[in-house]
Each structure stands twice: as C-alpha cells, then as structure tokens.
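Chain and residue survey
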Amino acid sequence: MSIVIKGGTIVAADRSYAADILIEGDTIAAIGPNLSGDTVIDAEGAYVLPGGIDPHTHLEMPFMGTTTAETWESGTFAAVSGGTTMVVDFVIPGEGGMLPALDLWAERAARQASCDYGFHMSVTGWSEQIFGDMEKVVARGVNTFKHFMAYKGALMVNDDEMFGSFTRCAQLGALPLVHAENGDLVAALQQKYLADGVTGPEGHSYSRPPAVEGEATNRAIMIADAAGVPVYIVHTSSEEAHEAIRRARQAGQRVYGEPLIQHLLLDDSVYASPDWDFAAQRVMSPPFRDKRHQESLWAGLVSGSLQVVATDHCAFTLAQKQLGRGDFTRIPNGTGGLEDRMSLLWHNGVGTGRITMNEFVAVTSTNIAQILNIYPRKGAILPGSDADLVVWDPKASKTITAAGQKSVIDYNVFEGHKVTGLPRYTLSRGAVVWDAGRGSSPQPGRGQHVARPAFPAVSRAYATWKELVAPRPVNRAPEHMPIGV
Ligand SMILES: NC(=O)NCCC(=O)O
Ligand SMILES: [Zn+2]
Ligand SMILES: [Zn+2]
C-alpha cells in the first residue's frame with residue numbers, strides 16, 4: 001500500500017518547490033512530478049513540511065511534589081494535531097538511578113505514544129555509578145544529558161559536578177544540555193521576597209531576573225569550553241543569556257540556544273494579573289520576560305545565533321498550581337505549548353515576515369534533527385527519510401481555547417490567540433495520525449523510540465583541537481635555568 005501526497009509545495013529548510021511525494025511503508029520512496037500511489041492525499045493549495053520535532057517535553061514527570069498531568073497518550077496526540085511528529089522527553093533518575101528510570105519512561109512511551117519519541121537523560125548528581133551509567137545510557141540511543149543549575153536541594157548540580165559530567169559527555173561523544181539559572185541566587189531571592197511579604201506568583205518572576213540566567217549561561221558555556229564539549233542551553237529566555245551564547249559562537253564555540261514559543265510570545269505582565277490562578281498558570285522557569293528580551297530572541301532566530309524553537313511542555317492542572325497558594329516557591333513550574341507551537345510560530349513568525357517559511361522549518365524540525373543527530377531520518381523530506389510529514393494549510397484558522405484542545409490541561413496559556421496556518425494532515429512514518437477534516441483519535445502504541453547515536457566526529461574534532469592547544473611544559477636549556485636547579 002503506497003500513499004502519494006499530491007499537488008503541494010514542499011517546504012524544506014533550504015528551499016521550496018512544487019512536487020508530489022510517494023510514500024512506501026514508513027519512508028519516502030520518491031519525490032517528483034506526477035507520481036501515483038494507492039492512496040492520494042490532497043495537498044492542493046498547501047505546503048508539505050517535515051513534521052515538527054519538539055526537543056523539550058516533560059510528560060508524566062514527577063516534579064515539585066506532584067507529577068505533570070499530561071500523559072504520553074494525551075501529549076503525543078496533542079502534538080500530532082498541531083503538526084509535531086516527534087517529541088524528546090526528559091528522563092529524571094529516581095532512587096535506582098538512570099537505567100531503571102529510562103526503562104520506566106520507555107515503557108510508558110511505547111504503550112501510549114501516537115508519534116515517535118526520544119529521550120534526554122538528566123544528571124542530578126555526580127558519582128562513580130553515574131559515570132558508568134552514562135555509557136550504558138548512550139548505548140541505548142540517548143546522546144544528550146541534561147544539567148539543572150537551578151532547583152536547589154532537588155535537581156541542581158554544582159560546577160564541579162557539571163564539569164565531571166561534561167568531561168564524561170566529551171569522552172562518550174554526547175551533548176550536554178543545561179537549564180541555566182543560578183540556583184543559589186534564586187533560592188536567596190525567593191527567601192528575600194517571601195520575607196518582604198511577596199507570596200504571589202509575581203514573586204516567581206522577581207526572584208529569577210535575567211541576570212540570574214545570564215550568569216549561569218556564561219558559566220555553563222565556560223565549563224563546556226574547559227571540558228572540550230559543545231553545549232545546548234535549553235529555554236533561553238533573556239538577552240543576557242542570548243548574548244552569552246552569541247559571544248561564545250562568535251569565538252568559535254559550538255553552543256546552541258533554544259527559545260520557547262512561550263518566551264517569544266508571552267510577557268511578564270501576566271504575573272501582575274489580579275487573578276491569582278491566571279498568574280500561577282503562567283509560572284515557569286525562566287519566567288516570561290519583557291519586550292526587550294522577546295525582540296532579542298526573534299533576532300537570534302533570524303540571525304542563526306539561536307537555532308531551535310521548543311515548548312518545554314510541562315503541563316500542570318490548575319489544582320496542581322494551587323499547591324502554591326500562599327507561597328510562590330511551591331507553585332509547580334511549567335507551562336504547555338506542544339499542541340500550538342507550530343501554528344503560533346507560523347502565524348507570528350511567517351505571517352508577520354519575521355522569519356521565512358524555510359527558517360520556520362529549520363527551527364521547528366531540521367536544525368533540531370541535526371543537533372540531536374537524527375538527520376536526515378527526521379527533519380528532512382528526502383528519499384529514505386521517515387515519512388513524518390505535515391500537509392500545512394496556510395489559510396486555515398482557529399482561535400486557541402482550552403475547551404478545544406487535545407491536551408488534558410484545564411487551561412491554555414495562549415487562550416484567545418488567533419492563528420492562521422494549521423495542519424490539514426499529519427503523517428507519522430507514513431500513517432495519517434491527524435486529519436483536520438474528519439477528526440482523529442489517539443493511536444497509542446504507534447510511536448517508536450528513535451535511537452540517537454553519539455557524535456563521534458564532534459568529540460574527535462574537539463579532542464584533536466584541545467590536544468593541539470593544550471598547555472605544555474616549557475623546555476629550557478640549562479644555561480637559562482637558575483644555578484643549582
Ligand atoms: N521550565 C519549567 O518551569 N519546568 C519544567 C522543568 C524545567 O525544564 O526546568
Ligand atoms: Zn529547565
Ligand atoms: Zn524543561
């Protein structure tokens with residue numbers, strides 16, 4: 001049974017062109033004019049894009065005394081309804097360490113996911129066991145390790161732990177990811193604002209100013225340089241953090257920055273809302289910023305100093321948010337966006353001329369696949385690539401509402417935003433998983449794990465260069481040495 005997508009314009013990261021796409025089984029078999037197949041998917045008047053990849057989600061994750069309410073089933077169905085065909089989710093090690101946690105995540109995902117998925121592993125301490133387990137994790141197709149510089153007393157790691165882990169990543173050809181906020185400073189500022197009587201959600205924003213993020217981003221980048229490894233900064237939200245990334249890239253370091261759709265579009269005025277629930281629903285780390293920072297993030301996407309747009313989908317219900325009534329430090333941190341990232345970025349980016357269609361594809365799919373080492377299996381429309389495709393209708397519109405969403409959360413931080421540009425069909429490895437005309441249901445168990453091999457070429461290049469420029473002893477002739485030495 002073959003499928004042909006007919007009459008559309010293919011939009012890739014590097015070009016746009018009219019062509020049909022023939023799909024056989026899971027993959028793209030041919031691209032060209034006048035192709036035929038057993039089933040025809042109509043792409044007249046539409047663009048055909050590589051499926052979106054969201055590199056930053058937290059599905060069913062235990063965090064801050066509760067667990068994110070979005071399940072693998074609801075989250076991945078929400079994803080495909082919005083044109084995202086792969087998610088990469090963060091595994092948090094429990095009592096048993098990394099490997100049992102990876103088993104747990106893998107089991108949940110395999111049972112429930114409607115689309116393909118991968119994992120990042122979190123490094124939440126440093127020990128011989130973690131050193132050894134990291135190699136086993138890489139052997140299981142996880143080539144990225146996340147480090148939290150915030151959440152003191154919980155997930156946070158110190159500089160020496162981070163340096164140990166980054167050095168291990170360099171040996172293994174893995175990529176370290178960093179949540180860059182100075183956790184000591186955040187903890188001190190939280191106590192100060194609580195003592196000053198600031199107990200509401202605005203305290204969350206006050207205690208995490210841009211400098212806290214800028215300092216930690218700089219530090220993570222310096223530590224990565226010392227360890228000889230590239231580094232990926234998640235949820236880059238401020239000009240201070242972006243500036244550190246820009247400067248390091250200019251100096252020749254491999255540093256990647258990931259703004260979120262939330263930080264691009266929502267600002268910190270939400271925390272001044274007189275409605276506690278509204279403000280608490282928008283508590284995430286880093287918090288939303290002002291327009292100056294938003295402009296910086298958009299500029300980074302255009303100029304290439306920031307490469308990826310993600311969601312950090314970490315969705316709690318209102319009842320969970322209310323755990324922080326009376327103390328903002330107890331409001332579970334996180335917001336949603338998995339379902340709406342593509343349409344919001346298209347509407348506000350392509351629709352306004354801030355970014356081109358090709359840049360849209362780059363930052364929602366192709367760059368991510370390249371950085372995570374799954375290109376061109378994912379992130380590309382090429383013969384042999386997985387047929388993860390979106391038939392994108394640039395004229396279709398909707399208004400985002402919690403009532404109409406697939407996510408199980410009882411609110412949406414983008415409530416009332418109108419978007420033009422939506423998926424007509426979403427295909428996951430050649431199967432239609434979203435049909436806007438007929439409606440669709442979740443297909444739990446369809447999604448597969450996508451193993452992501454290590455990056456030996458990058459670590460070899462770093463190791464070669466580090467060896468060439470390594471400090472060496474100066475050999476001095478005896479006549480130039482002090483007498484008696
Ligand atoms: N970002 C956030 O507030 N919650 C999710 C956990 C994290 O990525 O820091
Ligand atoms: Zn984070
Ligand atoms: Zn996150």
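What you see is a predicted model, and the numbers here were worked out from it, not measured in a lab.

**Let's talk about the overall build of the protein chain**
Along the backbone of the protein chain there are 15 helices and 19 strands. The globule rule puts the C-alpha radius of gyration for 485 residues at 23 Å, and the 23 Å found for the protein chain is close to it. For the protein chain, the residues scored as buried account for 59% of the 485 residues in total. Restricting the contact set of the protein chain to residue pairs at least 6 apart, pairs at least 24 apart contribute 76%. For the protein chain, the exposed area adds up to about 18,300 Å²; of that, 54% sits on carbon and sulfur atoms. One way to put it: in the protein chain the 40 positive side-chain charges average out to a point 2 Å from where the 52 negative ones average out.

**Quick notes on the coordination of the zinc ion (ligand 3)**
Within the protein, the zinc ion (ligand 3) binds to His56 (NE2), His58 (NE2) and Asp312 (OD); these donor distances fall in the range 1.9 to 2.2 Å. Of note is the zinc ion (ligand 3), whose four donor atoms meet at the metal with angles of 85 to 136° in an arrangement that counts as irregular. Separating the zinc ion (ligand 3) from the zinc ion (ligand 2) is a distance of 3.8 Å. Here His56, found in strand β8 (residues 52–57), pairs with Asp312, found in the loop between α11 (291–303) and α12 (318–321); they are 256 residues apart in sequence, far enough to count as distant. As far as burial versus exposure is concerned, His56 and Asp312 are alike and both buried.

**Details of the sheet that holds strand β12 (residues 116–123)**
Across the sheet, which stays open at both edges, the seven strands sit in the order β8-β11-β12-β13-β14-β15-β16 with parallel pairing between neighbours. Across the chains shown, the open sheet's two edge strands, defined by having one partner strand only, are β8 and β16 (255–257). The mean inter-strand angle of the sheet, taken between neighbouring strand axes irrespective of direction, is 25°. As judged from the five bridges shared by strand β13 (residues 144–148) and strand β14 (residues 175–179), these two strands associate in the parallel manner. When the sheet's bridge partners are listed, Phe148 is paired in β14 with His179. Contacting β8 and β11 (84–91), helix α13 (residues 341–350) runs over the sheet at an angle of about 115° to β8.

**Re α11**
In this model, α11 (13 residues) spans 18 Å end to end at C-alpha, consistent with the 18 Å of a helix rising 1.5 Å per residue. Of the residues making up α11, those classed as buried are His293, Gln294, Ser296, Leu297, Trp298, Gly300 and Leu301. Check the buried side of α11 and you find it contacts α7 (210–227), α8 (239–250), α9 (261–265), α13 and α14 (357–371). Looking at where α11 begins, the residue whose side-chain oxygen comes 3.1 Å from the main-chain nitrogen of Arg292 is Asp290.

**Some details on the environment of Leu102**
Mapped onto the elements, Leu102 comes out in helix α2 (residues 98–112). For the pair Leu102 and Glu44, spaced 58 residues apart in sequence, the C-alpha separation works out to 43 Å. In this structure Leu102 touches Val91, Phe119, Met121, Arg140 and Val142, once residues within four positions along its chain are discounted.

**A few points about the UniProt feature "domain: Amidohydrolase-related" (unreviewed entry) in the protein chain**
The sites that UniProt annotates as "domain: Amidohydrolase-related" (unreviewed entry) are residues 47–416. As annotated, residues 47–416 comprises 41% helix and 15% strand, and the C-alpha atoms at either end are separated by 26 Å.

**Observations regarding the packing of aromatic side chains**
In the structure shown here, the tally under the stated rule is 13 aromatic pairs. Between Trp346 and Phe360 the ring centres are 5.1 Å apart and the planes differ by 85°, which places this aromatic pair in the edge-to-face class. With Trp346 in helix α13 and Phe360 in helix α14, this residue pair connects regions lying 14 residues apart in the sequence. We note that Trp346, like Phe360, is buried. Relative to Trp392, the ring of Phe360 lies with its centre 6.0 Å away and its plane at 45°, an arrangement referred to as tilted. Taken together, the residues span a long stretch of sequence, with Phe360 in helix α14 and Trp392 in strand β17 (residues 389–399) at a distance of 32 residues. Judged by relative accessible area, which is 0%, Phe360 ranks as buried. Against the face of Tyr17 rests Arg15, its NZ or CZ located 4.1 Å from the ring centre.

**Re the coordination of the zinc ion (ligand 2)**
Geometrically, a metal with four donors at the corners of a regular tetrahedron has ideal angles of 109.5 degrees, and one with six donors at the corners of a regular octahedron has ideal angles of 90 or 180 degrees. In the first shell of the zinc ion (ligand 2), the protein supplies His179 (ND1) and His235 (NE2), at 2.1 Å from the metal. Every donor counted, the four donor atoms about the zinc ion (ligand 2) form angles of 58 to 148° at the centre, which fits irregular coordination. The class of His179 is buried, set by a relative accessible area of 0%. On the basis of relative accessibility, which here comes to 2%, the residue His235 falls in the buried class.

**Notes on a nonpolar patch on the surface**
On the surface, Trp465, Leu468 and Val469 cluster together into a nonpolar patch covering about 350 Å² of accessible area. Here Val469 is to be found in helix α15 (residues 456–469). A residue is classified by how much of its surface remains accessible, and Val469, at 45% relative accessible area, is partly exposed.

Analysis parameters
- Residues numbered from 1 in each chain as written.
- Chains lettered and ligands numbered in written order.
- Predicted model: local features only at pLDDT ≥ 70, side-chain atom pairs only at ≥ 80, totals over all residues.
- Heavy atoms only, no water.
- Helix = DSSP H or I, 4+ residues; strand = E, 2+ residues; numbered from the N terminus.
- Rg over C-alpha atoms; globule rule 2.2 N^0.38 Å.
- Buried < 20%, exposed > 50% of the residue type's maximum accessible area, 1.4 Å probe, protein only.
- Contact = heavy atoms within 4.5 Å.
- Areas by Shrake-Rupley, 256 points an atom, 1.4 Å probe, with all protein chains shown as cover.
- Lys, Arg positive; Asp, Glu negative; His and termini not counted.
- Charge placed at Lys NZ, Arg CZ, Asp CG, Glu CD.
- Donors = N, O, S within 2.8 Å, 3.2 Å for Na, K, Ca; no water.
- Tetrahedral: all angles 85-135°; square planar, octahedral: opposite > 155°, others 65-115°.
- Pairing = 2+ DSSP bridges.
- Axes fitted to C-alpha atoms, helices over the stretch in contact; angles between N-to-C directions.
- Expected span 1.5 Å × (residues − 1).
- Polar contact = N/O pair within 3.5 Å; in protein donor to acceptor, adjacent residues only side chain to side chain.
- UniProt positions renumbered as here; feature names shortened; annotations may be inferred.
- Phe/Tyr/Trp six-rings, centres within 6.5 Å; stacked < 30°, edge-to-face > 60°.
- Lys NZ or Arg CZ within 6 Å of the ring centre and 35° of its normal.
- Patch = residues over 30% accessible without salt bridge, like charges linked within 9 Å, V, L, I, M, F, W, Y side chains within 5 Å.
- Salt bridge = Lys/Arg side-chain N within 4 Å of Asp/Glu carboxyl O.

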